[in-house]
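# What the coordinates show
This is what each chain is made of:
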Amino acid sequence: AWRGGCGLMQVFVTRRIPREGLAALSQAGVCSIQQWESDEPIPRSELLAGVAGKHGLLCLLSDRIDKEVLDAAGSNLKIISTLSAGFDHLALEEIKKRGIRVGYTPDILTDATAELSVALLLATCRRLPESVEEVKNGGWTTWKPLWMCGYGLSNSSVGIIGLGRIGQAVARRLKPFGVKKFLYTGSRPKPESAVEFQADFVPLAKLAEESDFVVVTCSLTPDTKGMCNKDFFSRMKKTSVFINTSRGAVVNQEDLYQALVSGQIAAAGLDVATPEPLPTDHPLLSLKNCVILPHIGSATYATRSAMSVLSANNLLAGLKGESMPSELQL
Ligand code: NDP
Ligand code: DGY
């Protein structure tokens, strides 16, 4: 067995994870595992106590790994492995300063997340939750020519904010629906990614003005925080549909609410929100033209299993001082 100093390396796992990942960790003979064995988030005090003295940490996107946690962990901590592609919950500067390596789980969740993004887009623009509700509540009285109409993808312009792994996978899935034009925005043009969709790199304002569908698939950074705000929504067409499967904080939710209530945009579909969970009395939940999902982008059995195994293998490789299957370059 791999030993660090006088015993097995110690790792802390902040949640119940798919059994394949836990099996990979426990069968490696490299580490002893302490785990918060619950489907619910670990209380902050338990997290601070749990990481103390550990060599490795396997965490989730709902765990804020900041200076306080790193200080509580102490100098043993060398590897953080997050069960996510997003890493905005990690204080990367602090982590880097301490020489800690980070593993994450991109790529393997791209298909599932893109699929969910398309599902959410279609559910939103064709008003599926509202229609299902009408069937149940007796609102379906007859076939009505003017009833439950929405917007379709055929001949449309789609704007992708962040043409990364998931953004490209969304565009690839939307193209066969007859999309006429793809636009994208980001920190720089990506001709090698855009060529497949003949997508035009445009400023954010132009993307808002010209898109029938806006799909947000960027990472959350200081630059993207609150990027979809009043100015952005005011530029969008009244018939346009806004979809966000990245992180809730990319959107100013008060501005989105106003845009939806005032008819500035037609509808929104969100897989992510601020905070998560969104309180059940949140104003956005009162709107028929807003479809909100509980952050299920990567939630297929196969994908969550693969994420758990990859995060375990990242952690194990890091503990052994080897190159990780998927390491975040700090
Ligand atoms: P990538 O790193 O491949 O893509 C992120 C994209 O964000 C890049 O193309 C980047 O473009 C873009 N970006 C960065 N800054 C800006 C900016 N200022 N304006 C517009 N775009 C910008 O990551 P993934 O595609 O794998 O994942 C993206 C995000 O999706 C994750 O960070 C995570 O937050 C979220 N996610 C959500 C899931 C869910 O369940 N809903 C599941 C998985 C991920 P550039 O290179 O030009 O900077
Ligand atoms: C991620 O991986 O960042 C998602 O939000 C959850 O899969």
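Structure: see above.
Throughout what follows, the structure given in this document is the object of discussion. (Residues numbered from 1 in each chain as written. Chains lettered and ligands numbered in written order. Predicted model: local features only at pLDDT ≥ 70, side-chain atom pairs only at ≥ 80, totals over all residues. Heavy atoms only, no water.)

Moving on to the state of the cysteines. Among covalent bonds in proteins, the disulfide is the one between the sulfur atoms of two cysteines. This structure, assessed with the given rule, holds zero disulfides. Cysteine Cys59 shares no disulfide, and the gap to the nearest cysteine sulfur, in Cys31, comes to 15 Å. The exposure class assigned to Cys59 is buried, which follows from its relative accessible area of 0%. Lacking any disulfide linkage, Cys290 is separated from the closest cysteine sulfur, that of Cys228, by 13 Å. On the accessibility criterion, Cys290 (9% relative accessible area) is buried. (Disulfide = S-S within 2.5 Å. Buried < 20%, exposed > 50% of the residue type's maximum accessible area, 1.4 Å probe, protein only.)

Of all hydrophobic cores here, the largest spans 46 residues; its most connected members are Leu25, Val158, Ile160, Leu174 and Phe182. Going through the elements one at a time, strand E2 (7-13), helix H5 (110-125), strand E7 (157-161), helix H7 (165-174), strand E8 (181-185), strand E10 (213-216), strand E11 (241-244) and helix H12 (301-319) are the ones with two or more residues in this core. Counting residues per element, this core draws most heavily on H12, at six residues. The contacts of Phe182, once residues within four sequence positions are left out, are Val158, Ile160, Ala171, Leu174, Lys175, Phe197, Gln198, Ala199 and Asp200. Grouped together as the second largest cluster of nonpolar side chains are 25 residues, Leu183, Val202, Ala208 and Met236 included. (Core = buried A, V, L, I, M, F, W, Y, C linked by side-chain atoms within 4.5 Å. Helix = DSSP H or I, 4+ residues; strand = E, 2+ residues; numbered from the N terminus. Contact = heavy atoms within 4.5 Å.)

What follows concerns the pattern of salt bridges. Counted according to the given criterion, the structure contains 19 salt bridges. Among the ionic pairs, Arg173 bridges to Asp111, the shortest N-O distance being 3.2 Å. With Arg173 in helix H7 and Asp111 in helix H5, the pair connects residues that are 62 residues apart, well separated along the chain. Salt bridges here are not isolated pairs; linked through shared partners, they connect Lys67, Asp71, Glu94, Lys97 and Arg98. (Salt bridge = Lys/Arg side-chain N within 4 Å of Asp/Glu carboxyl O.)

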